[in-house]
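One letter stands for each residue in the lines below.
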Amino acid sequence: MFLLAAVAVLSGCGSNAAEPAKPAGDKPATDAGQSGKKLVVGFSQIGAESAWRTANTNSIKAEAEKRGIELKFSDAQQKQENQIKAIRSFIDQKVDVIAFAPVVETGWEPVLTEAKKAGIPVFVSDRRPQVPDDLYVTFLGADFIKEGQMAAEWLIKKTGGKAVIAELEGTTGSAPANDRKKGFAEAIAKYPDMKVVFSQTGDFKRANGKEVTEALLKSPVGNTINVIYAHNDDMALGAIQAIEAVGKKPGKDILVISIDGIKDAFVAMTEGKLNCTTECNPLLGPLLFDSIEKFKKGEKLEKRQIVPDGQFDETTAAKELPNRKY
Ligand code: GYE
């Protein structure tokens, strides 16, 4: 034990020549692990439903690797029951920390209570679960209500407060679907000539966004709409394909606005097919592992760490496109 600590201290002083040989089988010391032991984090991810999610997964995996943290990663394929199983298995494996992005808001109390009883701290990333505060250390992610408001405010300005809107919702019961709907609805409520006449889930997926829009455009209400508000870029990109398939011009005949800020959305904006995206940053790996490491050192964390949003539209997309990281 003493030797391990000495290695950690000496290797941190910057003098390579004086560095003693490490004992056989020694694992690299990390700031996060106590007494030089590698920190083990179990992460239950929602799935791979969107480009946002893929960027989020890559950020978490890359950051764990960079810090020498052992990551046990589990993909739930958008099923809550799979996430609950993964969290139970992390508890059985006695990981040091559990982190997860809850697919829906409700139904987490029993399994998080089990984690608490086992003495394993829980970190929540991206989406909020409806549980008492004492069941997790901190929640880091964006303010989805504000994102819905920002999308609405852009549209109000663009249309002068007059629009017939179809809404493509995210995964039913998820925090971003609930909040992006709420924020948008509240912001347009003051405008009697702005109406959402159609609202259906596309599960945050491109293929579903396309399918739902195809069906919509064949229905009588489909002829009345002049705006599509999608809860994420992937569904908006699917909707754009469906609009083009009926010979209409996305971005002109039907305005299309969405949330996330993925690279493909910027490409669509430069082509004039998507009008606006409100950015939701998926690169949460650094903040997540900073938080875990701070907690391990005994530092106090805010219960709610808000990741700020941005907004881009047809007028700013081309300049920003080369800077996009996801
Ligand atoms: O907007 C969507 C993804 O929870 C913020 O999930 C995230 C959302 C994101 O599938 O693309």
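It should be noted that the structure appears before, not after, this text.
What you see is a predicted model, and the numbers here were worked out from it, not measured in a lab.

Chemist: How should the nonpolar core be read in this particular structure?
Modeler: The nonpolar side chains of soluble globular proteins are, as a tendency, buried together. L155, I165, F184 and L288 are the most contacted members of the largest nonpolar core, which has 39 residues in total. With six residues, helix α5 (residues 144-159) is the single largest residue contributor to this core. Domain assignment of the residues forming this core places at least three in each of domain 1 (32-140 + 284-305) and domain 2 (144-279). Apart from residues no more than four positions distant in its own chain, I165 is found in contact with L155, F184, I188, M194, K195, V196, V197, F198, I225, V227 and Y229. Counting 28 residues, the second-largest nonpolar core is a separate cluster that includes A230, A239, A268 and F312.

Chemist: Looking at this structure, how should I read the packing of helix α2 (residues 51-66) against helix α10 (residues 285-296)?
Modeler: Helix-helix packing is described using two parameters, namely the angle between the two axes and the distance between the axes. Running from N to C, α2 and α10 cross one another at 45°; their axes reach a closest spacing of 8 Å. The orientation of α2 with respect to α10, classified from their angle, is oblique. In this structure, α2 crosses over α10, and the sense of that crossing is right-handed. Facing α2, whose interface residues are S59, I60, E63 and A64, α10 presents G285, P286, L288 and F289. Its residues assigned to classes, the contact of α2 with α10 shows five nonpolar, two polar and one charged.

Chemist: I'm lost on the sheet that holds strand β10 (residues 276-279) in this one. Help?
Modeler: Within a sheet, adjacent strands bond to each other through the backbone by hydrogen bonds, running parallel or antiparallel. If you walk across this open sheet you meet the six strands as β7-β6-β8-β9-β10-β12, and the pairing is mixed. Every other strand in the sheet has two partners, leaving β7 (194-201) and β12 (310-313) as the edge strands with one partner each. On average, adjacent strands in this sheet sit at an angle of 20° to one another, irrespective of strand direction. As defined by bridge partners, strand β8 (residues 227-230) adjoins strand β9 (residues 255-260) across three bridges and the pair is classed as parallel. Across the sheet, I228 pairs through a bridge with V256, a residue of β9. Relative to the sheet, helix α8 (residues 233-245) contacts β6 (163-169), β8, β9 and β10, its axis offset from that of β9 by approximately 160°.

Chemist: Would you mind going over the pattern of salt bridges with me for this structure?
Modeler: Close approach of charged atoms allows side chains of opposite charge to pair. A complete count under the given rule lists 28 salt bridges for this structure. Linking E49 and R127 is a salt bridge whose minimum nitrogen-to-oxygen distance equals 3.7 Å. On the criterion of sequence distance, the pair formed by E49 in the loop between β1 (40-45) and α2 and R127 in the loop between β4 (122-125) and β5 (138-142) is long-range, its members being 78 residues apart. As far as burial versus exposure is concerned, E49 and R127 are alike and both buried. As a salt-bridge pair, R206 and D264 come within 3.1 Å of each other at their nearest N and O atoms. Remark: D264 occurs in helix α9 (residues 263-270) and R206 occurs in helix α7 (residues 206-218); sequence separation between them is 58 residues. One salt-bridge network, in which partners are shared between bridges, spans E63, K66, R67, D290 and E293.

Chemist: For this particular structure, what's the right way to read α7?
Modeler: Each α-helix winds once per 3.6 residues, and so residues spaced three or four apart point in a common direction. If you check α7, its first and last C-alpha atoms are 19 Å apart, about what 13 residues at 1.5 Å a residue would give, namely 18 Å. For α7, the complete set of buried residues consists of G209, V212, T213, L216 and L217. Angular distribution of buried residues about the axis of α7 spans 130°; they occupy a single face of the element. Exposed residues pointing more than 90 degrees away from the buried face of α7 are listed as A207, E211 and K218.

About the cut-offs
What you see as residue numbers is a count from 1 along each chain, following the sequence as written. Side-chain atom pairs in this predicted model are given and counted only at pLDDT of 80 or more, local residue features only at pLDDT of at least 70, and totals for whole chains, interfaces and linings cover all residues. Side-chain calculation: all heavy atoms of the structure are included, whereas hydrogens and water are not. The definition of a nonpolar core used throughout is a set of buried Ala, Val, Leu, Ile, Met, Phe, Trp, Tyr and Cys residues joined through side-chain atoms within 4.5 Å. The buried label applies to any residue whose accessible area, calculated with a 1.4 Å probe on protein chains only, is under 20% of its type's maximum; exposed applies above 50%, and partly exposed to all values in between. Secondary structure elements follow DSSP: runs of H or I no shorter than four residues count as helices, runs of E no shorter than two count as strands, and numbering proceeds from the N terminus. Domain extents, as shown, originate in an automatic or database domain assignment. Whether two residues are in contact is decided by their heavy atoms: any pair within 4.5 Å suffices. All axes are obtained by fitting lines to C-alpha atoms, using only the stretch in contact for helices, and the reported angles, taken between N-to-C directions, cover 0 to 180 degrees. Roughly parallel here means an angle under 35 degrees, roughly antiparallel means over 145, roughly perpendicular means 65 to 115, and every remaining angle is called oblique. When the near helix sits turned anticlockwise from the far one by under a right angle, the crossing is termed left-handed; a clockwise turn instead gives a right-handed crossing. Gly counts as polar in this scheme, as do all residues outside two lists: the nonpolar Ala, Val, Leu, Ile, Met, Phe, Trp, Tyr, Cys and Pro, and the charged Asp, Glu, Lys and Arg. Here the rule is simple: two strands pair whenever DSSP picks up at least two bridges between them. Put simply, a salt bridge is a Lys or Arg side-chain nitrogen that is within 4 Å of an Asp or Glu carboxyl oxygen. For a helix, the expected span equals 1.5 Å multiplied by the number of residues minus one. Directions from the helix axis toward the C-beta atoms define the arc.

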